[in-house]
Every structure is written in C-alpha cells, then in structure tokens.
Amino acid sequence: MSQVYDDYSIGKHSLKNRLVVAPMTRTSAEADGSASELMGDYYERFAEGGFGLIITEGTYTDKEASQGYENQPGISDAPQTDAWKKIVSRVHEHDCKMILQLMHAGAQFQYNRFTDTPVSPSGVKPKGEPLGLYGEVEGGWPEPEEMNEHHFDIVMNGFIGAVNRAKEAGFDGVELHAANGYLLNEFLSDYFNRREDKWGGSLNKRLLFIEDVIKAAKSAAGDDFIVGIRISQITVTDPDYQWPEGEEGFEHIVSKLVAAGIDYIHTTDTAYDRKHLKDGDHSLAETVQHVSDVPLIINGGIDEDNLDDLAEQFPEALFAIGKKALANPDFAKRFKSGDEIADLDFAMLQPKATLENEWQWRKLQQQADS
Ligand SMILES: Cc1cc2nc3c(=O)[nH]c(=O)nc-3n(C[C@H](O)[C@H](O)[C@H](O)COP(=O)(O)O)c2cc1C
C-alpha cells in the first residue's frame, strides 16, 4: 500500500495517514461568525472520506480588525466556540484530527463587522484587486492603519484568546496563518513591512512579532495542543514575491520558528516543488526538510499523480490537498482504492466560494447525470 497511509504523529497526536485537507475559506458562516450547520456537513464529508487531518479555513481571532471576509467564521467568543465544538465532534467520530487555522486579515481586508479600518505593519495596501470569490469590495482595498503598540496588544491578545477557545472547542491544535499575504505574513514581507522600529527592517526584526505570537500561543496551548504555522512567500494577489534574504534567509526563518517552539511547519506555493527562493535551488518544502526535523506539511498542486513519489521524497512529511479535495471530498479513500479522481470544476465556486453555491452545483450535476 502507498506510504501515504502510514501512521504519523505530531507531538502526542497520532494521525491515521498522511493526507490532510488544506485550509479553504468558504465564507459560509452565519452573519455573527458562528460556524453553520452546512459547514458541519462540509467538514464531516472530508472526515468520512478518509483524510487523517483537516485544517479549517482561516478563522478570525478577535472583534477588532482580524476578520477579512463576510460570513467568515470566527473564534472570538463563546457562541462561535460552541458552534465549532459541534463540528469538531462530528469530525472526530471518523478518527480524523482537526486543526483550526487562525487568521488575522491584516491589509487583505474585504469585509469586517467591527471596523472599516484594516491594520497592518506599515499601512501599505496589497497589490492587485480584492478577491471576488469572497465577495465584492467597492472601491478596492481600503487604506490600512499602521499598527501602534495598542494594536500589537489587541492582535496578540486575540491570538491567545483564540488558542484558549480552540482548545475549549475540542480542536487538536491551531495553525497560525503566516502565508498568502495576511497579517503575520505581512510582517515578514519587505513590501508590506517598512517599519523602522524593532518590528521591521532586518529579517530578525521582521520575524520578531511572529516569534512572539508562537511563544504566547504555545504557552496558552500547553504540551498537548498543537501549534503549527503556515508560511509562504506568495500572497493571494502577488505570486511572484520573494523575500530579499533568499534561501539562506528562509533557512534562518525555519530555525527561528523551531527555536520559538513551533510544532509543525506547513509550506505553500503555487506548486509544491517551485524553486522560487532568491539565490537558491530548493523549494520551500525541501529547505525545511534540509535544515530541521520539525514535522512538515507540504502543499501546492499535490494530486494522485505525484503523491507516491512525494511520499518517498519526503518520508517524514504530510501532504495538504486543496482543490482535489474540494472536487473529491473522499480523495483519501479513492486514492487508496485506485478509483477515478475528478478535477475541480471552478463553476462550483462561482460566483462566490460559498457552500450554498457548491450544493447547488452538486444538485445540477446529479440532475445532469440521471
Ligand atoms: C476556495 C479556496 C479557499 C482557500 N482559502 C484558504 C484559507 O482560508 N487559508 C489558507 O491558508 N489557504 C487557503 N487557500 C489555499 C489552499 O489552502 C491551497 O494552498 C491552494 O489551493 C493550493 O493547493 P492545491 O493545489 O492543493 O489546491 C484556499 C484555496 C481555495 C481554492
């Protein structure tokens, strides 16, 4: 049998296989940010479909500027925690673990119930246009406010509170979203982070807030609760961004994340094997594997054609699957039995990436097939 069905462990948590559902925003929570019944059905399908681990969509952490999308779920209060609790227990019934992705939108801010003003390291707007997939934004990206010490406290307390509530909801861990251009990713970027104080400038200074958040999250988490991180150079509107410090800089980032106590590193890029670090000839995933033995999750274009080779090339890694999991919620079972695996039809996510649109699309497919 394929090596992807080997057991795996992150700390004290054992997974039944190495197949992970990648985090995917579906903007289908209730208006108050509570995860909906439909979201329960959606997540349970992946668990029934054989995945060993699900990482949820990016979930906002506080009632200030962390929310980025309309109908995005939150973990900022008791009702939101209770709503997630029901979903986690449905997923656990299928021997599948579940990690909550904690996301602060930063400058990538399209809708927020609590404020009209995003906060970001230096008040710089993202490149490109907001994502229509997650709702229309009139007038393009709003102007962010540069974070002051008060904002730093709010953001930090938001992450700590979210870790505590994620534990209460029964999750196996949290993933700090430091990829794709959201707030923690912005700190690392010399495009978004132009600060000249202790939080900006050199790579060590751009890393400092992320290290502080990891340490605080680990301290709230205790020994039995996973705190991982997702990291990328790319942002949702800028696939070509590169850190100025290149491959050597990324090696340094990995060593600092590990020293701060991170339980796993999840790399993402336009393709898992893209060699896009400046002055380097390795992918993000290869670099993590070379410089550390921290558990690694790899993402970006992983499918039935490359999984077996990847399992050999990265004997100690997990594989996060996005679009193929959307198209085949039972991907993990299908791959095992050699059944046909469909490509994603993007019509499923049109005009918005909501679960309601997906359900409509599935109904039409069934009608067409019968
Ligand atoms: C509809 C959709 C929503 C996404 N939302 C998130 C998200 O909330 N957090 C995140 O880190 N990545 C998000 N992503 C990126 C995916 O996790 C993944 O990195 C990307 O789809 C590439 O992996 P794949 O080739 O397996 O699809 C999203 C992707 C899609 C298609």
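None of the values given here were measured: they were computed from a predicted structure.

K.L.:
What am I meant to see in the overall build of the protein here?
P.N.:
When helices and strands are counted, the protein shows eleven helices and twelve strands. Against the globule reference of 21 Å for 370 residues, the protein gives a C-alpha radius of gyration of 19 Å, in line with a compact fold. Referenced to the eigenvectors of the C-alpha coordinate spread, the extents of the protein come out at roughly 60 × 45 × 40 Å. Expressed as a percentage of its 370 residues, the buried residues of the protein come to 60%. Contacts in the protein between residues at least 24 apart in sequence constitute 72% of all its contacts with a sequence separation of at least 6. Total accessible area on the protein is roughly 14600 Å²; 44% of this is exposed by carbon and sulfur atoms.

K.L.:
How should the nonpolar core be read in this particular structure?
P.N.:
Buried together is how nonpolar side chains tend to be arranged in soluble globular proteins. Tyr43, Trp84, Leu257 and Phe319 are the most contacted members of the largest nonpolar core, which has 101 residues in total. It is helix α5 (residues 203-221) that contributes the most residues to this core, ten residues altogether. Excluding anything up to four places from it in sequence, Tyr43 contacts Met24, Ile54, Thr56, Glu57, Trp84, Ile87, Val91 and Met98. Of all hydrophobic cores here, the second largest spans 13 residues; its members include Tyr8, Ala22, Leu318 and Ala320.

K.L.:
What is the right way to look at empty space enclosed by the protein in this model?
P.N.:
Space left empty within the atom packing is revealed by a probe, the size of a water molecule, rolled over the atoms. One pass over the full model with this rule turns up one cavity of 30 Å³ or more. When its volume is computed, the largest cavity comes out at roughly 60 Å³. Taken together, Pro126, Lys127, Asn185, Ser189, Tyr191, Phe192, Thr235, Thr237, Asp238 and Tyr241 form the lining of the largest cavity.

K.L.:
Where do I start with the packing of helix α6 (residues 246-260) against helix α7 (residues 284-291) in this structure?
P.N.:
The relative placement of two packed helices comes down to the angle between their axes together with the axis-to-axis distance. Two numbers describe how α6 lies on α7: the axes approach to 10 Å, and their chain directions differ by 55°. One finds that α6 runs oblique with respect to α7. In the packing of α6 onto α7, the handedness of the crossing is right-handed. Residues Glu247, Phe250, Glu251 and Val254 of α6 touch α7, and the partners they reach there are Leu284, Thr287, Val288 and Val291. Classifying every residue of the contact of α6 with α7 by side-chain character gives five nonpolar, one polar and two charged.

K.L.:
Got a minute to help me understand the site of the ligand in this structure?
P.N.:
As a matter of local geometry, the ligand sits amid 18 residues, with Pro23, Thr25, Arg230, Asn299 and Gly301 nearest to it. Within the contact set of the ligand, an oxygen atom lies 3.3 Å away from a side-chain nitrogen or oxygen of Thr268. In this structure, Asn299 approaches the ligand through a side-chain N or O atom, which is 2.6 Å from an oxygen atom. Expressed as a share of its isolated accessible area of 610 Å², the protein-covered part of the ligand is 87%. In a pocket analysis with a 2 Å cut-off to the grid points, the ligand is assigned to the largest pocket.

K.L.:
Can you walk me through the UniProt feature "domain: NADH:flavin oxidoreductase/NADH oxidase N-terminal" (unreviewed entry) in the protein in this structure?
P.N.:
Mapped onto the present numbering, the UniProt feature "domain: NADH:flavin oxidoreductase/NADH oxidase N-terminal" (unreviewed entry) falls at residues 9-338. In the segment residues 9-338, helix accounts for 35% and strand for 17%; the C-alpha atoms at its two ends are 26 Å apart.

K.L.:
How do you make sense of unusual backbone geometry when you look at a structure like this?
P.N.:
Leaving glycine out, the prevailing phi sign among residues is negative, and the prevailing peptide bond configuration is trans. Residue Pro351 follows Gln350 across a cis peptide bond; omega there is -5°. Inspection of the secondary structure puts Pro351 in the loop between α10 (331-337) and α11 (355-369). Backbone geometry places Asn71, a non-glycine residue, at a positive phi of 60°. Tracing the backbone through its elements, the reader meets Asn71 in the loop between β4 (53-59) and α2 (78-92). Classification of Asn71 as partly exposed rests on a relative accessible area of 22%. The phi torsion at Asp95 lies on the positive side, around 55°, for a residue other than glycine.

K.L.:
When you look at α11 in this model, what are you seeing that I'm missing?
P.N.:
Side chains three or four residues apart in an α-helix point the same way, a direct result of the helix having 3.6 residues per turn. Its 15 residues give α11 an end-to-end C-alpha distance of 21 Å, which sits within 8% of 21 Å, the value for a rise of 1.5 Å per residue. Taken together, the buried positions of α11 are occupied by Leu355, Glu358 and Trp361. Along α11, the residues classed as buried sweep out an arc of 115° about the axis, all on the same side. Turned more than 90 degrees away from the buried face of α11, the exposed residues are Glu356, Leu364 and Gln367. Of the surrounding elements, those touching the buried residues of α11 are α1 (37-48).

K.L.:
For this particular structure, what's the right way to read α7?
P.N.:
Among the residues of α7, Leu284, Ala285, Glu286, Thr287 and Val288 are the ones counted as buried. Turning to α7, the residues buried within the fold contact β9 (226-235), α6, β10 (264-268), β11 (296-299) and α8 (307-313).

K.L.:
Explain the pattern of salt bridges here, please?
P.N.:
Any two side chains of opposite charge can pair if their charged atoms end up close together. Taken as a whole and judged by the stated rule, the model has 19 salt bridges. Where Glu358 meets Arg26, a salt bridge forms, and the shortest distance between an N and an O atom there is 2.9 Å. With Glu358 in helix α11 and Arg26 in the loop between β3 (19-21) and α1, this pair connects stretches of sequence that are 332 residues apart. With respect to class, Glu358 is no different from Arg26; both count as buried. Ionic pairing is found between Lys218 and Asp263, a salt bridge with its closest N-O pair at 2.9 Å. Taken as a pair, Lys218 in helix α5 and Asp263 in the loop between α6 and β10 lie far apart in primary sequence, 45 residues in all. Here the salt bridges do not stand alone but share partners, grouping Arg26, Arg45, Glu358 and Arg362 into one network.

Parameters at a glance
- Residues numbered from 1 in each chain as written.
- Predicted model: local features only at pLDDT ≥ 70, side-chain atom pairs only at ≥ 80, totals over all residues.
- Heavy atoms only, no water.
- Helix = DSSP H or I, 4+ residues; strand = E, 2+ residues; numbered from the N terminus.
- Rg over C-alpha atoms; globule rule 2.2 N^0.38 Å.
- Buried < 20%, exposed > 50% of the residue type's maximum accessible area, 1.4 Å probe, protein only.
- Contact = heavy atoms within 4.5 Å.
- Areas by Shrake-Rupley, 256 points an atom, 1.4 Å probe, with all protein chains shown as cover.
- Core = buried A, V, L, I, M, F, W, Y, C linked by side-chain atoms within 4.5 Å.
- 1 Å grid on protein atoms, 1.4 Å probe; cavity = no way out; pocket = protein on both sides within 12 Å on 5 of 7 lines; lining within 4 Å.
- Points joined across faces, edges and corners; volume = space filled by probe spheres on them.
- Axes fitted to C-alpha atoms, helices over the stretch in contact; angles between N-to-C directions.
- Parallel < 35°, antiparallel > 145°, perpendicular 65-115°, else oblique.
- Left-handed = near helix turned anticlockwise from the far one by under 90°.
- Nonpolar A, V, L, I, M, F, W, Y, C, P; charged D, E, K, R; others polar.
- Near = heavy atom within 4 Å.
- Polar contact = N/O pair within 3.5 Å; in protein donor to acceptor, adjacent residues only side chain to side chain.
- Sits in = over half its atoms within 2 Å of the grid points.
- UniProt positions renumbered as here; feature names shortened; annotations may be inferred.
- Expected span 1.5 Å × (residues − 1).
- Arc of directions from axis to C-beta.
- Salt bridge = Lys/Arg side-chain N within 4 Å of Asp/Glu carboxyl O.

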